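What follows is the residue order along each chain.
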Amino acid sequence: MDPKPKGWRLVKIEGVPLTEETAKNWNEIKDFQARPDDVLICTFPKSGTAWIQEIVEMILHGGDSQKCDLLPNYERSPFLELFLPKPFLLGVKAEEMPSPRILKTHLPAKLLPPSFWKQNCKIIYLARNIKDNAVSSFCFRRMNQLAPDPGDWNNFLENFIAGEWTYGSWFDHVCGWWEAKDHYPILYLFYEDLKENPAQEIGKVARFLGVELPELVLSQIVEHTAFKSMKVNPMTNFSTMPSSILDHTVSSYMRKGTVGDWKEHLTVAQSERIDDICAQKLRDSGLIFRTQL
Ligand code: PPS
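Described below are features of the structure shown in this document. (Residues numbered from 1 in each chain as written. Predicted model: local features only at pLDDT ≥ 70, side-chain atom pairs only at ≥ 80, totals over all residues. Heavy atoms only, no water.)

1. Quick notes on the overall build of the protein
Of the regular secondary structure elements, the protein holds 14 helices and six strands. For 293 residues, the compact-globule estimate of 2.2 N^0.38 gives 19 Å, and the protein sits close to it at 18 Å. Its C-alpha atoms give the protein principal-axis dimensions of about 45 × 45 × 40 Å. Sorting the 293 residues of the protein into buried and exposed places 56% on the buried side. In the protein, the share of contacts with a sequence separation of at least 24, taken over all contacts with a separation of at least 6, comes to 75%. Carbon and sulfur atoms make up 53% of the accessible area of the protein, which amounts to about 13400 Å² in all. Averaging the positions of the 34 positive and the 38 negative side-chain charges in the protein gives two centres separated by 2 Å. (Helix = DSSP H or I, 4+ residues; strand = E, 2+ residues; numbered from the N terminus. Rg over C-alpha atoms; globule rule 2.2 N^0.38 Å. Buried < 20%, exposed > 50% of the residue type's maximum accessible area, 1.4 Å probe, protein only. Contact = heavy atoms within 4.5 Å. Areas by Shrake-Rupley, 256 points an atom, 1.4 Å probe, with all protein chains shown as cover. Lys, Arg positive; Asp, Glu negative; His and termini not counted. Charge placed at Lys NZ, Arg CZ, Asp CG, Glu CD.)

Rendered as structure tokens:
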């Protein structure tokens, strides 16, 4: 059995709580050298990162799923700011990867290593409504042995709304990237749209990446990246990760994959309170999130 790593503490960098491992390596992360042909996938955690990663990989491989199935997703598109302690180092480091690279980050726009802006890299941002995001985060924190203990649901939700959780405020994150999209090549997508009409949204991603997708290939990508397919695919469902990091007996990574699961977890009062905070915090941004389809 793998030795069990200890749960990480959170340390603030420019006011944003990050894991102590990320904070310890912050200078190296900040100086990361992006290349002009990098494609960067950005999300607040639990917004569908693995989903959009697989979509981008499939598009860039012309719909050839065999190429995607060669390695687990976390080895194909490195997680920029994740530094796992030995012996838990996984996959290749981004610096060692040949171009074109697909990279993943959960960093808020204000903490993105500056070379991504300088190189004008293509960035795909996927946002998910805060209610489903909070539920998914809570379930994941329970299975993720590296994360701090989330405590009970009510406490967790308060901390999550207040931004006292990994990567800080969901509001700052979605708004920061929303503003950045007016100045840089950023495709801003919503989980709910992707769920409602995957073919349409995958088409947007392909156009953004400058790839023309024949109808047949598009439908193959829709099929390969559907929740039911990704849930049983060991290269996308994280079952290959040591159980000392992700304990699938507590919850699964590919858990529900729906819009509106929050209704099973939030009280009416909690839901209404979040609606009020959203109305206030998102008012000036023009951002609108759907919480059901
Ligand atoms: S992480 O750890 O932050 O990178 O997690 P992330 O991949 O961003 O988010 C995990 C949630 O995304 C859901 N998911 C999907 N939903 C629909 N379709 C597909 N193909 C898909 N792939 C992943 C996953 O189930 C998690 O959401 P919940 O609500 O917990 O099920």
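2. Focus: the nonpolar core
Counting residues in each nonpolar core, the largest one holds 55 residues, and the members touching the most others are Val174, Trp177 and Tyr188. The contacts of Val174, once residues within four sequence positions are left out, are Tyr125, Ala127, Tyr188, Leu282, Leu287 and Phe289. Within the second largest apolar cluster, 40 residues are counted, among which are Ile52, Val56, Tyr191 and Val259. (Core = buried A, V, L, I, M, F, W, Y, C linked by side-chain atoms within 4.5 Å.)

3. With respect to the packing of helix H3 (residues 49-60) against helix H11 (residues 198-208)
How two helices sit against one another is set out by the angle between their axes and by the gap between those axes. H11 packs onto H3 with a crossing angle of 55° between their chain directions and a minimal axis gap of 10 Å. Relative to H11, the element H3 is oriented oblique. The two elements H3 and H11 meet at a crossing, and its hand is right-handed. Packed against H3, whose contacting residues are Ile52, Ile55, Val56 and Ile59, the element H11 presents Ile202, Val205 and Ala206 at the interface. Here the contact of H3 with H11 is built from residues that sort into seven nonpolar, no polar and no charged. (Axes fitted to C-alpha atoms, helices over the stretch in contact; angles between N-to-C directions. Parallel < 35°, antiparallel > 145°, perpendicular 65-115°, else oblique. Left-handed = near helix turned anticlockwise from the far one by under 90°. Nonpolar A, V, L, I, M, F, W, Y, C, P; charged D, E, K, R; others polar.)

4. Examining the environment of Ser47
Its location among the elements puts Ser47 in the loop between strand E3 (39-43) and H3. For Ser47, a relative accessible area of 1% translates into the label buried. Distance in space between the C-alpha atoms of Ser47 and Glu192 is 9.9 Å, their sequence separation being 145 residues. With residues up to four places along the chain from it excluded, the contact list for Ser47 reads Leu126, Ala127, Arg128, Asn133 and Tyr191. From its side chain, Ser47 meets the backbone oxygen of Phe44 in a polar contact 2.6 Å long. (Polar contact = N/O pair within 3.5 Å; in protein donor to acceptor, adjacent residues only side chain to side chain.)

5. Brief notes about the sheet that holds strand E4 (residues 102-105)
Ordered by their spatial adjacency, four strands build an open sheet running E4-E3-E5-E6, and the pairing between neighbours is parallel. The open sheet is flanked by E4 and strand E6 (186-190), the only strands paired with a single partner. Each strand axis lies, on average, 20° off the axis of its neighbour in the sheet, ignoring direction. Note: strand E5 (residues 122-127) against E6, five bridges, orientation parallel. Bridging from a neighbouring strand, Leu126 pairs with Leu189 of E6. Across the sheet, H3 touches E3, E4, E5 and E6, and the angle it forms with E3 is around 160°. (Pairing = 2+ DSSP bridges.)

6. Focus on the site of the ligand
Near the ligand, the surroundings consist of 23 residues, among which Thr49, Ser136, Tyr191, Tyr253 and Lys256 are the closest. Ser47 has a polar backbone atom sitting 3.1 Å from an oxygen atom of the ligand. At 2.8 Å, a side-chain N or O of Tyr253 approaches an oxygen atom of the ligand. Out of a free accessible area of 640 Å², the ligand has 98% covered by protein chains. Counting residues per element, the ones that place at least two in the shell around the ligand are H3, helix H7 (130-143), helix H10 (191-196) and helix H13 (227-232). Broken down by element, the shell around the ligand gets its largest block of residues, three residues, from H3. Taken together, the residues of the shell around the ligand sort by class into 10 nonpolar, seven polar and six charged. (Near = heavy atom within 4 Å.)

7. Description of H7
Across its 14 residues, H7 extends 20 Å between first and last C-alpha, which sits within 8% of the 20 Å expected from 1.5 Å per residue. Burial analysis of H7 places 13 of its 14 residues in the buried class, which makes it a mostly covered element. The residue sitting at the N-terminus of H7 and contributing the capping side-chain oxygen is Asn129; that oxygen lies 3.0 Å from the backbone nitrogen of Lys131. (Expected span 1.5 Å × (residues − 1).)

8. Details of H3
Taking 1.5 Å of rise per residue, the 12 residues of H3 would be expected to cover 16 Å, and the 16 Å separating its terminal C-alpha atoms lies within 8% of that figure. For H3, a buried count of 11 out of 12 residues is recorded, marking the element as mostly surrounded by other parts of the structure. Within the sequence span of H3, burial applies to Thr49, Ala50, Trp51, Ile52, Gln53, Glu54, Ile55, Val56, Glu57, Met58 and Ile59. Downstream of H3 by one or two residues, Gly62 has phi in the positive range, about 60°.

9. Description of unusual backbone geometry
Glycine aside, negative phi is the norm for most residues, and most peptide bonds take the trans geometry. Look at the link from Ser99 to Pro100: it is a cis peptide, with omega at -5°. Structurally, Pro100 is set in the loop between helix H5 (73-76) and E4. A positive phi angle, close to 45°, is found at Glu14, a residue other than glycine. Counting through the fold element by element, Glu14 comes out in the loop between strand E1 (10-13) and strand E2 (16-19). In this structure, Asn120 takes a positive phi of about 55° despite not being glycine. Along the chain, Asn120 falls in the loop between helix H6 (114-118) and E5. For Asn120, a relative accessible area of 45% puts it in the partly exposed group.

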